[in-house]
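Residues per chain, in single letters:
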Amino acid sequence: MTVIVPEPVLEDNHREVIDGGALDLDGGFGVPDSNAFGHSFRDYEKESERRASVKEFYRTNHINQTFEFAKKKKEEYGKLSKGEMSIWECCELLNEFVDESDPDLDEPQIEHLLQTAEAIRRDYPDHEWLHLTALIHDLGKVLLHPSFGGEPQWCVVGDTFPLGCAFDEAIVHHQYFKENPDYNNPEYRTKLGIYWENCGLDKVTMSWGHDEYMYLVMKENKTTLPPAALFIVRFHSFYALHRSGAYTYLMDEDDKEMLKWLHVFNKYDLYSKSKVRIDVEKVKPYYISLINKYFPEKLRW
Ligand SMILES: O[C@H]1[C@H](O)[C@@H](O)[C@H](O)[C@@H](O)[C@H]1O
Ligand SMILES: [Fe+2]
Ligand SMILES: [Fe+2]
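Residues numbered from 1 in each chain as written. Chains lettered and ligands numbered in written order. Predicted model: local features only at pLDDT ≥ 70, side-chain atom pairs only at ≥ 80, totals over all residues.

**Side note on the UniProt feature "binding site: Fe cation" (unreviewed entry) in the chain**
Within this numbering scheme, the UniProt entry marks His-112, His-137, Asp-138, His-210, His-236 and Asp-269 as carrying the feature "binding site: Fe cation" (unreviewed entry). Secondary-structure assignment places Asp-138 in the loop between helix 6 (128-136) and strand 4 (162-163). With 25 C-beta atoms counted inside 10 Å, the residue Asp-138 sits in the buried group. Discounting residues that sit within four places of it in the chain, Asp-138 has contacts with Gln-109, His-112, Leu-113 and His-210. Looking at the element boundaries, His-210 is found in helix 7 (residues 210-220). In this structure, His-210 is in contact with Asp-138, Gly-140, Lys-141, Leu-143, Val-156 and Val-157, ignoring residues within four places of it in sequence. (UniProt positions renumbered as here; feature names shortened; annotations may be inferred. Helix = DSSP H or I, 4+ residues; strand = E, 2+ residues; numbered from the N terminus. Buried ≥ 20, exposed ≤ 12 C-beta atoms within 10 Å, placed from the backbone. Contact = placed C-beta atoms within 7 Å.)

**Some remarks on the UniProt feature "binding site: substrate" (unreviewed entry) in the chain**
Following the UniProt record, one finds the feature "binding site: substrate" (unreviewed entry) at Arg-42, Asp-99, Glu-100, Ser-101, Lys-141, Gly-158, Asp-159, His-236 and Ser-237. Inspection of the secondary structure puts Asp-99 in the loop between helix 4 (87-93) and helix 5 (109-123). For Glu-100, the contacting residues outside a window of four places in its chain are Ser-53, Phe-57, Gln-153 and Val-157.

**Re the packing of helix 7 against helix 8 (residues 227-235)**
Remark: helix 7 packs on helix 8, axes separated minimally by 7 Å, with the N-to-C direction vectors making an angle of 150°. By the angle between their axes, helix 7 is roughly antiparallel relative to helix 8. Counted together, Asp-211, Glu-212, Met-214, Tyr-215, Met-218 and Lys-219 of helix 7 and Leu-230, Val-233, Arg-234 and Phe-235 of helix 8 form the full contact between these two elements. Split by residue class, the contact of helix 7 with helix 8 holds six nonpolar, no polar and four charged. (Axes fitted to C-alpha atoms, helices over the stretch in contact; angles between N-to-C directions. Parallel < 35°, antiparallel > 145°, perpendicular 65-115°, else oblique. Nonpolar A, V, L, I, M, F, W, Y, C, P; charged D, E, K, R; others polar.)

**Considering the environment of Leu-114**
The residue Leu-114 is located in helix 5 in this model. The buried category is assigned to Leu-114, around which 21 C-beta atoms lie within 10 Å. Note: C-alpha distance between Leu-114 and Asp-159 (45 residues apart in sequence) is 20 Å. Discounting chain neighbours no more than four positions away, the residues touching Leu-114 are Ile-278, Val-280 and Val-283.

Okay, here's the thing in structure tokens:
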């Protein structure tokens, strides 16, 4: 049963971040001019306190994410044999982690989850599935936790991209792929590689990380969230596609429908990042009610 709670209450200054100098897009959400560090969002070249470490993150990521590597990780973690916990317990575990790939945020991940969910809830009050999707979309980052994999950041966070075909120049810090063993593999270095036109994204092996892992967790634990929610979680870091329009020839008709929701979601995922804290205890009852509706009490991870 869903608990009825008042409309999302965001701190006044959060509203300012969102509305200040904003252009209004659909959904009424205003995109802020700059991130918490005063730079434009997703500027990977701008000199900033996070630039060097983010760059180093992508260097390691691009060298090591090969087709074979991603396939192995998917098999290993697809078994969901690390342990059991509830969705909310997982949110709390993420309190410890800061994402090293992110030039726009240095807050613990639980803040980002709630900021995204609360921002989307304000503009889409009737789409409860979207609120919950926002809350859980990054939970796959629990792979960083020693009890759930203890994986290094380079194979958990950051943008994702297809493997088994050529690396597109739209991918952040594309230059580092030259050192990836797949780069010179004749089977993988053509536009389509091992795929075919409109094969559907479900057939594509993406670089391994929190997106694919959380998708597997949702699917195997039989969430009742709609297919669009699974699509959002699975491909939310695929910026080359949803932001730059690369790789669209791999999509089938269903993917094209789902992509519309991913575009809606992405605005909130990216532009709600700010220094303003959400009062966790205040919003917790609402999210717990959604979790109970769409997930089992304990999930396998
Ligand atoms: O740095 C960010 C962060 O890791 C996000 O969680 C991911 O979804 C983005 O694609 C990435 O650019
Ligand atoms: Fe993410
Ligand atoms: Fe996110």
